[in-house]
Amino acid sequence: MRVLDLLTTATDSLRLNKMRTALAMLGIVIGIGAVIALISLGQSSQNSVASQINSLGKNLITISPGATVSGGVRGAAGGRTTLTLDNAQKIAEAASSLSIAAVSPEYSTRSQVTVSTTNTNTQIIGGTTSYENVHAVTMSSGSFIGQSDLDSSAKVAVLGPTVASTLFSDTTSAIGQTIRINRTAFRVIGIMTAKGGTGFQNPDDMIIIPLTTAQQKYGVKNVSSIAITANDGVDLTTVENQVGSYLLTLHNISDTSSADFTIRNQQDLIGAATKVTSTLTALLSGIAAISLLVGGIGIMNIMLVTVIERTREIGLRKALGATSGVVITQFLTESIFLTVIGGALGIVLGGILTAIAAKVLNMSASLTVPAIVLAVGVSAGIGIIFGWYPAQKAAHLSPIDALRFE
Amino acid sequence: MLMIEANKLRKEYHIEGVETVALADVTFSIAKGEFVAIMGPSGSGKSTLMHILGALDQPTSGTYVLDGQDISHVSDRDLAGIRNRKIGFVFQSYNLLPRTPAIKNVMLPMMYANVVPAERTERAAKLLTLVGLHDRMGHRSNQLSGGQQQRVAIARALALDPAIILADEPTGNLATTQAEEIMHIFRDLHNEGHTIVMITHEPSVARYAKRVITLRDGRIVSDQKQ
């Protein structure tokens, strides 16, 4: 039998009972749609988490004071004072042997900030000139903190875009204006470009002042953290270990387990975040796959009913010269047709669901090629697997019995 | 030239250990161009004989030579091919594809024989004209009367110019006038040289045939020319 004949025979009989065809397809449409939407959303959220973390700086290693200790509560990160500016300078001096590119000591706290009648509570970070490189800061206007500002402990401030728009109705005129951080006047010298992000550690919601100024103002000698950019192409974990053991010698500690600081690298952070999202994606896709399975059983159900309903027709076709092979092929073609068309509609549904979810969740998400390939493959597979049994049943009908069947 | 040579055809059924002999060593032959009616009361074995003659079933023993080919022991696959090309079926209940245009029904055997589409359409149209349905080609099977449906079935039987036309009670579901129309078509086909084997239990229908074979209890009890 010709391929074109098979296709027209299949479409003819599917057209004869439109309602049944539509119902048989529905399960596949919903199943494929759900799988596609969830895979696409999962992948996009993984990408967006990774790119947000990367926007905080490339090849980033962060040292914070205190250590994670089991079996007892120790001071919260930042509450301890074991890291100093001197530590950061020593690490910077050893930069080439530690394979690091830049070191940024930082002091971080929260303060009330006012401009005339407007005020906000935001994160204040005391940083050095290397902060700009280490955290991949770009300026939308003005300039970043310079070495002379550090040397003179100048009262200058660089604003994050969120803070800037909170304090100034017109951010373009903010440069040169005065803001008050805990009643001390600071001159605005620059505004950073937005990185995007939300939550407690929003990189857009902060003010950066010279580290020396911050230590003076808040009366501290320590730093809250030291951020390090490793050289390109080196293994972050290796650098992390090297920096760690170097810092242990600086602190005169020989036992790694009693370290008074914690080091984390960005890769771990991305890894952890990715793991969470991919686990979630896998879980949701699993649930969607079950609905796909149910859809497949639906197809089998309908095809079985069809075989019984069309017993006479099958007998007639065999009497007129259709071999068992032709009958099997015909019924398989019908069920594959059902699932592939259902799959195609499912891709459309999945695309719509993805677009809606992306809009609602305010993230960029689009159909991915692997998701579509998977959907088409799976739906054709379902057609073959769940169509096989009914097709076999049809093919093995004896033409005599089938013709007699009322 | 002989179209059908049946030699000691025997068919036994075993149902739950009980043996039933449906056909008991039936021997006869039918020449090309004959119009034969096979008669007999129900249970006489005429349906079984028709299934074997139609290559829908195979005899337990004996040989059946159709158009020079012994088909008593061929594979299912080959039987399908023989049904397709050598036999034109006309059933009591027409057996057209449901809600399918008349022309598509006539094209069906040609599709299984891999005839090129253009030729199928042309030939189907010609055959439908022959049975007087040139104005009903696009009508769906459910839009046709019983007599019209049976005429479509006859056109379908002729689709691949078969060796024999095998009709199983072709007028059983029809009113008298329509039955007569159908029998006139068979008579015309016979006059054109077609070989026709018709199963019936109605003498009024059998009288169109030129020879009547009567079965009883699986045996031929009479074989008369008329």
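Residues numbered from 1 in each chain as written. Chains lettered and ligands numbered in written order. Predicted model: local features only at pLDDT ≥ 70, side-chain atom pairs only at ≥ 80, totals over all residues. Heavy atoms only, no water.

(A) Spatial organisation of the packing of aromatic side chains. Residues and elements named next belong to chain A. Within this structure, the stated rule accounts for three aromatic pairs over all chains. With a centroid separation of 6.0 Å and an interplanar angle of 35°, the aromatic rings of Tyr 107 and Tyr 218 are classed as tilted. A residue pair is termed long-range when its members are at least 10 positions apart, and Tyr 107 in strand 2 (residues 100–115) and Tyr 218 in helix 7 (residues 211–218) qualify at 111 residues. Lying across the ring of Tyr 218, Lys 217 places its NZ or CZ 5.2 Å from the centre. (Phe/Tyr/Trp six-rings, centres within 6.5 Å; stacked < 30°, edge-to-face > 60°. Helix = DSSP H or I, 4+ residues; strand = E, 2+ residues; numbered from the N terminus. Lys NZ or Arg CZ within 6 Å of the ring centre and 35° of its normal.)

(B) Summary view of the domain arrangement of chain A. The domain architecture assigned to chain A consists of domain 1 (3–52 + 272–404) and domain 2 (81–259). Here the C-alpha centroids of domain 1 of chain A and domain 2 of chain A sit 55 Å apart. (Domains from an automatic or database assignment.)

(C) The interface of chain A and chain B, seen in detail. Chain A puts 22 residues into the contact, and the matching count from chain B is 27 residues. For the pair chain A and chain B, the summed buried area comes to about 2,200 Å², and 58% of that belongs to carbon and sulfur atoms. Taken together, the links from chain A to chain B amount to two salt bridges. Arg120(B) is the salt-bridge partner of Asp5(A), the closest N and O atoms lying 2.6 Å from each other. Remark: the boundary between chain A and chain B carries eight residue pairs in polar contact (both at pLDDT 80 or more). Among the elements of the structure, helix 1 (3–16), helix 10 (311–319), helix 11 (324–361) and helix 13 (399–404) of chain A are those that each provide at least two residues to the side of chain A that touches chain B. Here the element with the most residues in the side of chain A that touches chain B is helix 10 of chain A; it accounts for six residues. (Contact = heavy atoms within 4.5 Å. Buried area = accessible area lost by both parts, 1.4 Å probe. Salt bridge = Lys/Arg side-chain N within 4 Å of Asp/Glu carboxyl O. Polar contact = N/O pair within 3.5 Å; in protein donor to acceptor, adjacent residues only side chain to side chain.)

(D) Layout of the nonpolar core. Ile4(B), Phe28(B), Ile38(B), Leu53(B) and Tyr64(B) are the most contacted members of the largest nonpolar core, which has 71 residues in total. No other element matches helix 2 (residues 18–55) of chain A, which puts eight residues into this core. Setting aside residues up to four positions removed in sequence, Ile4(B) forms contacts with Phe28(B), Ser29(B), Ile30(B), Leu53(B), Tyr64(B), Val65(B), Leu66(B), Ile164(B) and Val197(B). Within the second largest apolar cluster, 57 residues are counted, among which are Val163(A), Val188(A), Val243(A) and Ile263(A). (Core = buried A, V, L, I, M, F, W, Y, C linked by side-chain atoms within 4.5 Å. Buried < 20%, exposed > 50% of the residue type's maximum accessible area, 1.4 Å probe, protein only.)

(E) Geometry of a nonpolar patch on the surface. Taken together, the side chains of Val348(A), Ile352(A), Ile356(A), Val360(A) and Leu361(A) define a hydrophobic patch exposed on the protein surface, amounting to about 490 Å² of accessible area. With respect to the element layout, Leu361(A) can be found in helix 11. (Patch = residues over 30% accessible without salt bridge, like charges linked within 9 Å, V, L, I, M, F, W, Y side chains within 5 Å. Areas by Shrake-Rupley, 256 points an atom, 1.4 Å probe, with all protein chains shown as cover.)

(F) Examining the packing of helix 2 of chain A against helix 11 of chain A more closely. Residue and element names in this part refer to chain A. Direction vectors running N to C along helix 2 and helix 11 enclose 40°, while the axes themselves pass 6 Å from each other. It follows from the interaxial angle that helix 2 and helix 11 lie oblique. Here helix 2 runs over helix 11; the crossing is right-handed. When the residues that make up the contact of helix 2 with helix 11 are grouped by side-chain class, the tally is 17 nonpolar, nine polar and no charged. (Axes fitted to C-alpha atoms, helices over the stretch in contact; angles between N-to-C directions. Parallel < 35°, antiparallel > 145°, perpendicular 65-115°, else oblique. Left-handed = near helix turned anticlockwise from the far one by under 90°. Nonpolar A, V, L, I, M, F, W, Y, C, P; charged D, E, K, R; others polar.)

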